[in-house]
Amino acid sequence: ENGVQDAKNLRVKLVLLGDSGVGKSCIVLRFVRGLFDPTSKVTVGASFLSQTIALQDSTTVKFEIWDTAGQERYAALAPLYYRGAAVAVVVYDITSPESFTKAQYWVKELQKHGSPDIVMALVGNKADLLDKREVPVQDGIECAEKNGMFFIETSAKTADNINELFEDIVDYASCKLP
Ligand code: GDP
Ligand code: MG
């Protein structure tokens, strides 16, 4: 009658991967704390944050988020974070074709070494920098389709599509999540 019986509490381990500087930490900060800090520091190694959201059907989802460092010297550590993850979010910067190439590297890496039922999302961040765009939206869509990924463009700066990213990934993944 009140829907409580139907409520589920999900726990979702999520890892963010992508080139250094694409905005992974800013996406997490925006999602968890609701703010954007343009002076935020480079991530060293990896950092952990969690955030719980309620979906419309009163299901709650606790995201356990591993935010990794994009630098080469930490690349060997990445498997430690993505191996146990239910969701991998691969981020690029829409103003940086290099970061889009790097995103495709991460997708291949996840396909080769990640869990076979990992849910993958491709995120084009810095969507507020439209006049500096160098990666067409269509390229992101096609890459995601080809690799069976969820796709969205976000801006950690304006908050555009940040909550949607986390909410929609649960919908997208609902059949695969525990
Ligand atoms: P990370 O290395 O992937 O964690 O990237 P950071 O989150 O540290 O962000 C790198 C730089 O990009 C910082 O100077 C941020 O202020 C900037 N940045 C992050 N997200 C956005 C965004 O959505 N829009 C714009 N314009 N700048 C962003
Ligand atoms: Mg970072």
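Reference entry: report on the structure contained in this document. (Residues numbered from 1 in each chain as written. Chains lettered and ligands numbered in written order. Predicted model: local features only at pLDDT ≥ 70, side-chain atom pairs only at ≥ 80, totals over all residues.)

## Quick look at the overall build of the protein
Reasoning step 1: Counting its regular elements, the protein contains five helices and six strands.
Reasoning step 2: The secondary structure elements of the protein, listed N-terminal to C-terminal, are β-α-β-β-α-β-α-β-α-β-α.
Reasoning step 3: Counting only C-alpha atoms, the protein reaches 50 × 35 × 30 Å along its principal axes.
Reasoning step 4: In the protein, buried positions account for 39% of the 178 residues.
Reasoning step 5: Considering only contacts within the protein whose residues lie at least 6 apart along the sequence, 70% involve residues at least 24 apart. (Helix = DSSP H or I, 4+ residues; strand = E, 2+ residues; numbered from the N terminus. Buried ≥ 20, exposed ≤ 12 C-beta atoms within 10 Å, placed from the backbone. Contact = placed C-beta atoms within 7 Å.)

## Some thoughts on the packing of helix 1 (residues 24–33) against helix 5 (residues 162–173)
Reasoning step 1: For the pair helix 1 and helix 5, the least separation of the axes is 9 Å and the interaxial angle reads 85°. In terms of orientation, helix 1 lies roughly perpendicular with respect to helix 5. Taking contact as the criterion, the partners of Ile27, Arg30 and Phe31 in helix 1 are, on helix 5, Ile162, Asn163 and Phe166.
Reasoning step 2: Tallied by class, the residues present in the contact of helix 1 with helix 5 amount to four nonpolar, one polar and one charged. (Axes fitted to C-alpha atoms, helices over the stretch in contact; angles between N-to-C directions. Parallel < 35°, antiparallel > 145°, perpendicular 65-115°, else oblique. Nonpolar A, V, L, I, M, F, W, Y, C, P; charged D, E, K, R; others polar.)

## Thoughts on the pairing of strand 3 (residues 60–68)
Reasoning step 1: For strand 1 (residues 9–18) and strand 3, the ladder comprises eight bridges, and the chain directions are parallel. Its bridge partner lying in strand 3, leucine 16 is registered against aspartate 67.
Reasoning step 2: As judged from the nine bridges shared by strand 2 (residues 46–54) and strand 3, these two strands associate in the antiparallel manner. In the strand pairing of strand 3, serine 50 is matched with glutamate 64.
Reasoning step 3: Hairpin connection from strand 2 to strand 3: five residues lie between these consecutive antiparallel strands, with serine 58 at a positive phi of about 65°. (Pairing = 2+ DSSP bridges.)

## Here's the deal with the site of ligand 1
Reasoning step 1: What surrounds ligand 1 is a group of 19 residues, the closest being Gly23, Lys24, Ser25, Cys26 and Lys157.
Reasoning step 2: Per-class residue counts for the shell around ligand 1 are five nonpolar, ten polar and four charged. (Near = placed C-beta within 6 Å.)

## A word on helix 5
Note that an α-helix has 3.6 residues per turn; residues three or four places apart therefore point the same way.
Reasoning step 1: In this model, helix 5 (twelve residues) spans 17 Å end to end at C-alpha, consistent with the 16 Å of a helix rising 1.5 Å per residue.
Reasoning step 2: Burial in helix 5 covers these residues: Ile162, Leu165, Phe166, Ile169 and Ala173. Looking down the long axis of helix 5, one finds its buried residues gathered within 90° of arc, a one-sided arrangement. Exposed residues on helix 5 whose side chains face more than 90 degrees from its buried face are Glu164 and Asp171. (Expected span 1.5 Å × (residues − 1). Arc of directions from axis to C-beta.)

Keep in mind these numbers describe shape, not what the thing actually does.
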